[in-house]
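# Coordinate analysis (summary)
Here's the letter readout for the chains.
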Amino acid sequence: MSNNEPTRDPFLELVESYALGSLDPEERASLEAHLAAGCAECGKALEEARWLVSQLACLAPEAGPSGVLRARLIETVRADVANNVANDEFALATSRAIIPLWMWGAVAASVLFAFYNFYEARSVRQAIRQTQAALDEQVDLQKKSAQELALARREAVILTDPRSVKIPMPAGQKDLPPLQATWHAALGILVSGESLPLPRDNRTLQLWLIPKAAGSKPIPSLTVRPDADGKFHLLVQNPPDSQGDTKALAITEEPAGGSPQPTTTPVWVGAVTGK
Amino acid sequence: MFLAVFTPSESSGAPPDVALVRRLLQRDVNAFEELYDRHSRIVYGLVLRILQQAATAEEVVQDVFLQLWRNAAQYDTSRGPFLPWLLTLSRNRALDHLRRKSERQRRREEQADELPAVVAVPDFESCLDEKRRALRVRELIGELQPQQRRAIELAYFEGLSHSEIAAKLQEPLGTVKSWIRNGLLKLKEGLQSTA
């Protein structure tokens, strides 16, 4: 190394692994001491490394939480707001109840009356909240029904639109039934089948889009398990813009949660013949 | 500069995350709903990947968003964009949960709790940039050597240290350190060249 080269801070080598949380305790402690000493260069590098590491979340397969979770959270949050309002009013009421001792007898009745009014008001508010919660529940149910209806309509159009491309997906094993995929350029890919055996353990089935471009890796898509009756149903609402870039669809068996790249041989494969 | 270039874009016309977080401080339920609708899928996907169980993953996602609602002030807007902060919080929560569980508990829950049919992303347009970046991240990580990729996944999704990864993969500690650092640097360079 030339003497004229600037000396690189050796701690910079550690920041990515620190952000990832994989440093062993000794290295971690030494870097933390270095950061605590105020090294601006490492501090900035760590900020960037934290962002970089957060991008690894993109490796997780796409999945959405249930609508029940959303409804539960919103209900909890609304209840928080309502409770805070009630607590604030209670605090206000009690602060007004601090009265000089010599006036206690005179104001006691007023205070009691104020509390009575406060509890009455609270009961009314509680009744209103309960009504509001019931109303919200109905609205949520209606929203959910509307979403399900929209999804069903979308699937119906995918299946019936003459512009949709039908993609038979025969099974590579004789004892397995075939799957049928239908690809609508604007509305998505629908894959369905019946009488499928459940994958063993917690494993799941994962759809892959095989690009035409030489050397390109399979693009991971959704994971789903057949239901207890062996029905398999999967809707990809956001396929690539052009079917012409995709050579085939394939389905493999993967560990729960899916994989960034296939780990098993495809069980079902269908050639894409659309534009 | 790097952060400025790769800060996730938000839909035109929609308020930025930071503005929504500020509204959380005023107890604005609508802002909470918007943040949840915007980010719950990626948070859930990450947590589910770490915990492998849908019911447990939903519990953790609920904790994360309730923490956001009740302690929104913990997010310091001067220290970077919101989503990486939220993902870091979610990952830490999920890994804490994973570490707390005994192996026996895990096995019992795995038998009782199966993954549900996964729901597709419902709003493609609003997630376009996010999805393009996700594809790019997958491509770049997919280009790494399988063992190198595995080392990064073990660290990120299972919270293992360099030593633990070296033992698990039966590789020298120095090799594992190089794999992880070089892999992350390659990801960084790849994302920079995409911008």
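Everything quoted here is computed from the prediction, not taken from an experiment.

### Considering the sheet that holds strand S3 (residues 188–193) of chain A
Residue and element names in this part refer to chain A.
- Overall, antiparallel pairing links the 4 strands, which are arranged S1-S2-S3-S6 in an open sheet. Looking along the sheet, the strands with just one partner apiece sit at the ends: strand S1 (165–169) and strand S6 (232–236). Between one strand axis and the next, the sheet turns through 15° on average, direction left out of account.
- One ladder, built from 5 bridges, connects S3 with S6; its direction is antiparallel.

### A few points about the pairing of strand S7 (residues 246–254) of chain A
Residues and elements named next belong to chain A.
- Among the 9 residues in S7, 8 count as buried, and that is most of the element.
- Relative to S7, strand S4 (residues 204–211) is paired through 8 bridges, and the arrangement is antiparallel. Bridge assignment links Trp208 to a residue of S7, and that residue is Ala250.
- In this structure, S7 lies alongside strand S8 (residues 268–271), joined through 4 bridges in antiparallel fashion. Residue pairing for S8: Leu249 is matched across the bridge by Gly270.

### Details of the interface of chain A and chain B
- Each partner contributes to the interface: chain A provides 59 residues, whereas chain B provides 72 residues.
- Linking chain A to chain B there are 8 salt bridges.
- With a shortest N-O distance of 3.5 Å, Glu33 of chain B and Arg78 of chain A are connected by a salt bridge.
- Counting every contact that joins chain A to chain B gives 21 residue pairs in polar contact (both at pLDDT 80 or more).
- Residue assignment for the side of chain A that touches chain B shows that the elements contributing at least two residues are helix H1 (15–20), helix H3 (40–54), helix H4 (67–96) and strand S5 (219–224) of chain A.
- Ranked by residue count, the leading element in the side of chain A that touches chain B is H4 of chain A, at 11 residues.

### Side note on the state of the cysteines
Residue and element names in this part refer to chain A.
- According to the stated counting rule, one finds 0 disulfides over all chains in the structure shown.
- This cysteine, Cys39, is not joined by any disulfide, and Cys42 carries the nearest cysteine sulfur, 3.6 Å off.
- By relative accessible area, Cys39 is classed as buried at 18%.

### Structural notes on helix H5 (residues 82–100) of chain B
- Compared with the 27 Å implied by 1.5 Å per residue over 19 residues, the 27 Å span of H5 of chain B between its first and last C-alpha is a close match.
- Restricting attention to buried positions, one finds in H5 of chain B the residues Phe82, Leu83, Pro84, Leu86, Leu87, Leu89, Ser90, Arg91, Ala94, Leu95, His97 and Leu98 of chain B.

### A word on the confidence of the model for chain B
Residue and element names in this part refer to chain B.
- Across chain B, pLDDT averages 80, with 77% of residues at or above 70.
- For chain B, the element scoring lowest by mean pLDDT is helix H1 (residues 2–6), at 39; helix H9 (residues 162–169) scores highest, at 95.
- Under a pLDDT of 50 for its full length, residues 1–11 has, in the predicted model, 25 contacts with residues more than four places off or in other chains.
- Scored below 50 in pLDDT, residues 111–128 shows 37 contacts in the model against residues more than four places distant or in partner chains.

### Some points on the side chain of Gln261 of chain A
- You can see Gln261 of chain A is positioned in the loop between S7 and S8.
- Within the local environment of Gln261 of chain A, its side chain forms a polar contact with the backbone oxygen of Pro218 of chain A, the two atoms lying 3.2 Å apart.

### Thoughts on the environment of Ala54 of chain B
All names here are of chain B.
- Tracing the sequence through the fold places Ala54 in helix H4 (residues 54–70).
- The class of Ala54 is buried, set by a relative accessible area of 8%.
- Between the alpha carbons of Ala54 and Tyr44 there is a distance of 9.0 Å; along the sequence they are 10 residues apart.

### Quick word on the packing of helix H3 (residues 29–51) of chain B against H5 of chain B
Residue and element names in this part refer to chain B.
- The interhelical angle for the contact between H3 and H5, taken along N-to-C directions, is 35°, at an axis separation of 10 Å. Helix-helix and strand crossings are classified by hand; for H3 and H5 the assignment is right-handed. Where H3 abuts H5, its residues Leu35, His39, Ile42, Val43, Leu46, Val47, Ile50 and Leu51 lie against Phe82, Leu83, Leu86, Leu87, Ser90, Arg91, Ala94, Leu95, His97 and Leu98.
- Residue composition of the contact of H3 with H5, by class: 14 nonpolar, 3 polar and 1 charged.

Conventions we followed
- Residues numbered from 1 in each chain as written.
- Chains lettered and ligands numbered in written order.
- Predicted model: local features only at pLDDT ≥ 70, side-chain atom pairs only at ≥ 80, totals over all residues.
- Heavy atoms only, no water.
- Pairing = 2+ DSSP bridges.
- Helix = DSSP H or I, 4+ residues; strand = E, 2+ residues; numbered from the N terminus.
- Axes fitted to C-alpha atoms, helices over the stretch in contact; angles between N-to-C directions.
- Buried < 20%, exposed > 50% of the residue type's maximum accessible area, 1.4 Å probe, protein only.
- Contact = heavy atoms within 4.5 Å.
- Salt bridge = Lys/Arg side-chain N within 4 Å of Asp/Glu carboxyl O.
- Polar contact = N/O pair within 3.5 Å; in protein donor to acceptor, adjacent residues only side chain to side chain.
- Disulfide = S-S within 2.5 Å.
- Expected span 1.5 Å × (residues − 1).
- pLDDT = per-residue confidence, 0-100.
- Left-handed = near helix turned anticlockwise from the far one by under 90°.
- Nonpolar A, V, L, I, M, F, W, Y, C, P; charged D, E, K, R; others polar.

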